[in-house]
Amino acid sequence: MRIARIAHPEGMCFALVEGEDDGVQLHEIEGHPFGEVTKTGRSWPLADVRLLAPMLPSKVVAIGRNYADHVKEVFKTSGESLPPTMFLKPPTAVIGPEAPIRIPDFATKVEFEGELAIVIGKPCKNVKAADAESVIFGYTIVNDVSSRDLQFADGQWARAKGIDTFCPLGPWIQTELDYEDLPIKAHLTQNGTTETKQDSNSNQMIMSIPEIIEFLTASITLLPGDVICTGSPAGTAAMFPGDRIEIEIPGIGRLANPVERA
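Residues numbered from 1 in each chain as written. Predicted model: local features only at pLDDT ≥ 70, side-chain atom pairs only at ≥ 80, totals over all residues. Heavy atoms only, no water.

Student: Could you clarify how one ought to interpret the overall build of the protein chain in this entry?
Tutor: Along its length, the protein chain carries 4 helices and 19 strands. Computed over its C-alpha atoms, the radius of gyration of the protein chain comes to 18 Å, within 12% of the 18 Å expected for a compact globule of 262 residues. Out of the 262 residues in the protein chain, the part that is buried amounts to 55%. Residue pairs at least 24 apart in sequence account for 70% of intrachain contacts in the protein chain once pairs closer than 6 positions are excluded. (Helix = DSSP H or I, 4+ residues; strand = E, 2+ residues; numbered from the N terminus. Rg over C-alpha atoms; globule rule 2.2 N^0.38 Å. Buried < 20%, exposed > 50% of the residue type's maximum accessible area, 1.4 Å probe, protein only. Contact = heavy atoms within 4.5 Å.)

Student: Can you help me understand the UniProt feature "domain: Rv2993c-like N-terminal" (unreviewed entry) in the protein chain in this one?
Tutor: The residues that UniProt annotates with the feature "domain: Rv2993c-like N-terminal" (unreviewed entry) are residues 1–54. Within residues 1–54, the helical portion is 0% and the strand portion 54%, while the C-alpha atoms at the span's ends are 13 Å from each other. (UniProt positions renumbered as here; feature names shortened; annotations may be inferred.)

Student: Hey, could you run me through the nonpolar core in this one?
Tutor: What tends to happen in soluble globular proteins is that the nonpolar side chains get buried as a cluster. Core analysis: the largest hydrophobic core is formed by 46 residues, its most contacted members being Leu-116, Tyr-139, Ile-209, Ile-213, Ile-228, Met-239 and Ile-245. Those elements that provide at least two residues to this core are β6 (60–64), β9 (101–103), β11 (114–120), β12 (136–143), β15 (183–190), α4 (209–217), β18 (244–249) and β19 (253–261). At 4 residues, α4 tops the list of elements feeding residues into this core. Listed in part, the 24 residues of the second largest apolar core include Val-71, Val-94, Val-142 and Trp-157. (Core = buried A, V, L, I, M, F, W, Y, C linked by side-chain atoms within 4.5 Å.)

Student: Where do I start with helix α1 (residues 68–75) in this structure?
Tutor: What sets the pattern is the α-helix's 3.6 residues per turn: residues three or four places apart point alike. Buried within α1 we find His-70, Val-71, Val-74 and Phe-75. The arc enclosing the buried residues of α1, seen along the axis, measures out at 105 degrees, which places them on a common side. Close packing links the buried residues of α1 with α2 (148–154). Just past α1, the residue Lys-76 takes up positive phi, approximately 60 degrees. (Arc of directions from axis to C-beta.)

Student: Can you help me understand the sheet that holds β19 in this one?
Tutor: Through backbone hydrogen bonds, the strands of a sheet pair up, either in parallel or in antiparallel fashion. The 5 strands lie next to each other as β9-β19-β18-β15-β16, forming an open sheet whose pairing is mixed. Single-partner strands in this sheet number two, and they are β9 and β16 (193–201). For this sheet, the mean angle separating the axes of adjacent strands, direction not counted, is 20 degrees. Pairing of β18 with β19 involves 6 bridges; the strand directions are antiparallel. Looking at β19, one finds that Ile-249 is bridged to Gly-253. (Pairing = 2+ DSSP bridges. Axes fitted to C-alpha atoms, helices over the stretch in contact; angles between N-to-C directions.)

Student: What's the story with the pattern of salt bridges in this structure? I'm lost.
Tutor: Two side chains with opposite charge may pair up if their charged atoms get near one another. Taken as a whole and judged by the stated rule, the model has 17 salt bridges. A salt bridge links Glu-113 to Arg-148; the nearest nitrogen and oxygen atoms lie 2.5 Å apart. Highlighted residues: Glu-113 in the loop between β10 (110–111) and β11 and Arg-148 in helix α2, separated in sequence by 35 residues. Accessibility assignment for this pair places Glu-113 and Arg-148 in one class, buried. Salt bridges sharing partners connect three or more residues here, namely Lys-89, Glu-111, Glu-113, Asp-144, Arg-148 and Lys-161. (Salt bridge = Lys/Arg side-chain N within 4 Å of Asp/Glu carboxyl O.)

Student: Looking at this structure, I do not really get a negative patch on the surface. What am I missing?
Tutor: The grouping of Glu-133, Asp-178, Glu-180 and Asp-181 at the surface amounts to a negative patch. Within the secondary structure, Asp-178 sits in the loop between β14 (167–174) and β15. (Patch = residues over 30% accessible without salt bridge, like charges linked within 9 Å, V, L, I, M, F, W, Y side chains within 5 Å. Areas by Shrake-Rupley, 256 points an atom, 1.4 Å probe, with all protein chains shown as cover. Lys, Arg positive; Asp, Glu negative; His and termini not counted. Charge placed at Lys NZ, Arg CZ, Asp CG, Glu CD.)

Student: Where do I start with the pairing of strand β3 (residues 25–29) in this structure?
Tutor: The two faces of the sheet receive side chains in turn, since in a regular strand these alternate between them. Most of β3 is tucked away, with 4 of its 5 residues classed as buried. Judged from the 4 bridges that link them, strand β2 (residues 11–18) and β3 form a sheet pairing that is antiparallel. The partner of Ala-15 across the bridge, within β3, is Glu-28. Inspection of the sheet shows β3 paired to strand β4 (residues 39–45) by 4 bridges, in the antiparallel sense. Within the sheet, the bridge partner assigned to His-27 lies in β4 and is Ser-43.

Below you can see the structure in the form of structure tokens.
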């Protein structure tokens, strides 16, 4: 099942996504998607609606340094030297597909990070890895946009990763997914030329998804709709106003956003 959040000609709603490619239809559902999903009877083709961020989370909880190749790429050391860590992105950073990533003047080295994201389906605390599946609602794509200059200058990551528009999510939530062997790709278009920058797989994670949920919920309570970023593979690169970044994960789809000056 695929769940989207959309702006349609008469307002906004959650919608059930059915069909593929040019035949995609969005069927409005009653209320929120965390219980029984019931269609209202209203529907629209994809061309007639705007996809929003599929969820407005109370918080975005992220795992950093969860791919050894990315640790070496950014931090110039080994994954054993810098194990995975937790950080937060504010909900005000969240945007949806095709919404612009807006770079302020004080962020001078901004990079994309294409990642698999988890959407939580129920309030949870102290969840063991063996029970992690019971609290997952589904999966989406996240671009953990990061200002490397601020990240290293500040010594902590809140400002570098929490700037408004620095957390694109989408295009929708896939509730059933084999996440253990998923290709993750990021395609950056600069000056009219598109190049695949990230080309990795979820099987390269240091901390698995069940382990991530156990690790996070030992410290904080997660609520329905909260988003967990599972970490970025290597291949991140700088983005500039005028660029376009597209993250691709099979089984979910593609998340694309233009880049602008704030």
